[in-house]
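Chain and residue survey
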Amino acid sequence: MNKSSISIVILAAGKGSRMKSPKAKVLHTLCGKEMLYYIIKTSRLISDDVTVVVAHQKEAVMEQMKRYFDDVNFVEQDAQNFPGTGGAMKNISVKNEKVLVLNGDMPLVTPKSLEGFLENESEIVMSIFDLQNPDGYGRVIIQNGHVVKIVEQKDASAAELNVSTVNAGIYAFSKKVLDKYIPLLDNNNAQKEYYLTDVISMARADALNITPLLVDEEHFKGVNSKKDLSDAEIIMQERIKTSLMDSGVIMQLPSTIYVEEGVVFEGECIVENGCRITGNSRIINSHIKAHSVVEDSIVKNSDVGPIAHLRPASNIEDTHIGNFVEVKKSTLRGVKAGHLSYIGDAKVDEGTNIGAGVITCNYDGIKKYETLIGKNVFVGSDSQLVAPLIIEDDVMIAAGTTVTSGTIKKGSLAISRTKIRTIEDFFYKFFKK
Ligand code: UD1
Ligand code: MG
């Protein structure tokens, strides 16, 4: 099937009240991206005519999706007068004779899982699955081997509620079918909504051919609640990590690792248990040790952790970051920062050693300031570097120093210490021993 022979309509206008959230359902994220992002991405792989129907929080939905896709059509549903999945189909115009209708709350659909819909020549192909717990789904009523109707849970009789064959919510229609039946939908039902699912019973009454296609829940699960969202996220995580391991990443206890959609690995990388790697992070030939968090950062030829935190916009190259080190919006090249440091808004150059407990004091309560550290600098343990600050090459900062002046010149030592005083036998006098 080629990309220009099928049109896709994604229904994304609903409120999603079962999410119990002020945020529109399709904007809830799994593995770092909105559920609508995934279904648009899949759709774009198989079609170049993709329409997304919006209404509830339409500005937010469109703005967010336009950050990823510039070639998707948005159509507004008149949700006031025509609520429901059928109402959503009212103002659609599509280019092709075959129209795939997808729900925006199905992030797990893949191009491969849609092949059956594209290959089938029936005027209506609909997705069904058999569930032990069909709760929430529309029940598919089949008589003498023919699909006769779909009954929504809220409209179903006791006998219909016992039906375990449900509507997965994906359909391939011929354009003719949509043109004919969408205008005929009514809202005589429990929810007073225009149901797209009613097209099935009307088409059946006209003896049209309706092909039910058995699909699996792993790809066609609808997300309606926050529990559904976390179930879907587990499946998506599996896919992301399996694909990364297939492409050569080593993961220890992968079930404890969280890697977001969009993270890129190159070369030989090891990720130990308990790590969280998010955003558009890029990990190149590096070792991320246990329980570290890497957010939107680049790590190249380096080792990080255990228990280190790289916050967004950190750029780490040829560097050793040890335990309990936090880095934010900083560039470190050829650096060693082995223990217990905060390095924020800084640039640190080759050969520099950051001792244990060193803090860049980058914030004065109003503004953030930069710290620039040159080559071969030795920053002694427990030093505070009060920004804005420039430390030139070949500088030594003595342990415990609070560096406050603007520039420390090349080759110098900076030391700020009070002289130590010792009082002999004080301990014995104090404790009267
Ligand atoms: C729908 C089906 C149900 C099926 C289930 C599968 C209908 C009437 N019911 O139910 O048979 O088992 O999907 O997951 O179609 N939407 C709009 N405009 C609206 C209402 C919804 O665009 O006015 C969008 C939503 O954003 C969502 C999708 O349509 O992406 C499905 O809506 P939802 O409310 O989740 O329908 P279900 O009750 O799950
Ligand atoms: Mg749903």
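Here goes a summary of the coordinates provided. Given the structure is predicted, the values throughout are model-derived calculations rather than measurements.

1. Side note on the overall build of the protein
What the protein contains, in helices and strands, is nine helices and 39 strands. Rg of the C-alpha trace for the protein: 30 Å, well past the compact-globule value of 22 Å for 433 residues, more than 25% over. Overall, the protein is about 100 × 55 × 40 Å in size when its C-alpha atoms are taken along their principal axes. By the burial criterion, 49% of the 433 residues in the protein qualify as buried. Counting only contacts in the protein whose residues sit at least 6 apart along the sequence, the fraction spanning at least 24 positions is 43%.

2. Description of the site of ligand 1
Near ligand 1, the surroundings consist of 23 residues, among which Leu11, Gly84, Thr85, Glu152 and Asn167 are the closest. Separating an oxygen atom of ligand 1 from a backbone N or O atom of alanine 13 is a distance of 2.8 Å. In this structure, glycine 84 approaches ligand 1 through a main-chain N or O atom, which is 2.7 Å from an oxygen atom. The fraction of the free accessible surface of ligand 1 (750 Å²) that becomes covered by protein chains is 90%. The cavity that encloses ligand 1 is the largest pocket. Within the shell around ligand 1, the residues separate by chemical class into nine nonpolar, 10 polar and four charged.

3. Considering the coordination of the magnesium ion (ligand 2)
Around the magnesium ion (ligand 2), the protein supplies Asp105 (OD) and Asn224 (OD1) as donor atoms, at distances of 2.3 to 2.4 Å. Residue aspartate 105 is found in the loop between strand E6 (98-103) and helix H3 (115-119), and its partner asparagine 224 is found in the loop between helix H7 (217-220) and helix H8 (226-246); the two are separated by 119 residues along the sequence. Since its relative accessible area comes to 15%, asparagine 224 is described here as buried.

4. Concerning helix H2 (residues 58-66)
Of all the residues in H2, the buried ones are Val61, Gln64 and Met65. End-on, the buried residues of H2 take up no more than an arc of 95°, which puts them together on one face. Exposed residues lying more than 90 degrees from the buried face of H2 are Glu59, Glu63 and Lys66.

5. Some points on the layout of surface pockets
Within this model, the largest pocket holds a volume of roughly 1,400 Å³. Lining the largest pocket are 44 residues, and of these Arg18, Lys25, Thr85, Glu193 and Asn224 sit closest to its centre. The leading source of residues in the lining of the largest pocket is strand E10 (residues 165-174), at four residues. Of the residues belonging to the lining of the largest pocket, the class tally is 14 nonpolar, 20 polar and 10 charged.

6. Structural notes on the sheet that holds strand E38 (residues 407-408)
Strand order in the open sheet made by the nine strands is E14-E17-E20-E23-E26-E29-E32-E35-E38, with parallel pairing throughout. Lying at the two open borders of the sheet, with one neighbouring strand each, are strand E14 (264-266) and E38. Pairing geometry for strand E35 (residues 389-391) and E38, over two bridges, is parallel. Each bridged residue has a counterpart across the sheet, and for isoleucine 391 the counterpart in E38 is isoleucine 408.

The rules behind these values
Residues numbered from 1 in each chain as written. Chains lettered and ligands numbered in written order. Predicted model: local features only at pLDDT ≥ 70, side-chain atom pairs only at ≥ 80, totals over all residues. Heavy atoms only, no water. Helix = DSSP H or I, 4+ residues; strand = E, 2+ residues; numbered from the N terminus. Rg over C-alpha atoms; globule rule 2.2 N^0.38 Å. Buried < 20%, exposed > 50% of the residue type's maximum accessible area, 1.4 Å probe, protein only. Contact = heavy atoms within 4.5 Å. Near = heavy atom within 4 Å. Polar contact = N/O pair within 3.5 Å; in protein donor to acceptor, adjacent residues only side chain to side chain. Areas by Shrake-Rupley, 256 points an atom, 1.4 Å probe, with all protein chains shown as cover. 1 Å grid on protein atoms, 1.4 Å probe; cavity = no way out; pocket = protein on both sides within 12 Å on 5 of 7 lines; lining within 4 Å. Sits in = over half its atoms within 2 Å of the grid points. Nonpolar A, V, L, I, M, F, W, Y, C, P; charged D, E, K, R; others polar. Donors = N, O, S within 2.8 Å, 3.2 Å for Na, K, Ca; no water. Arc of directions from axis to C-beta. Points joined across faces, edges and corners; volume = space filled by probe spheres on them. Pairing = 2+ DSSP bridges.

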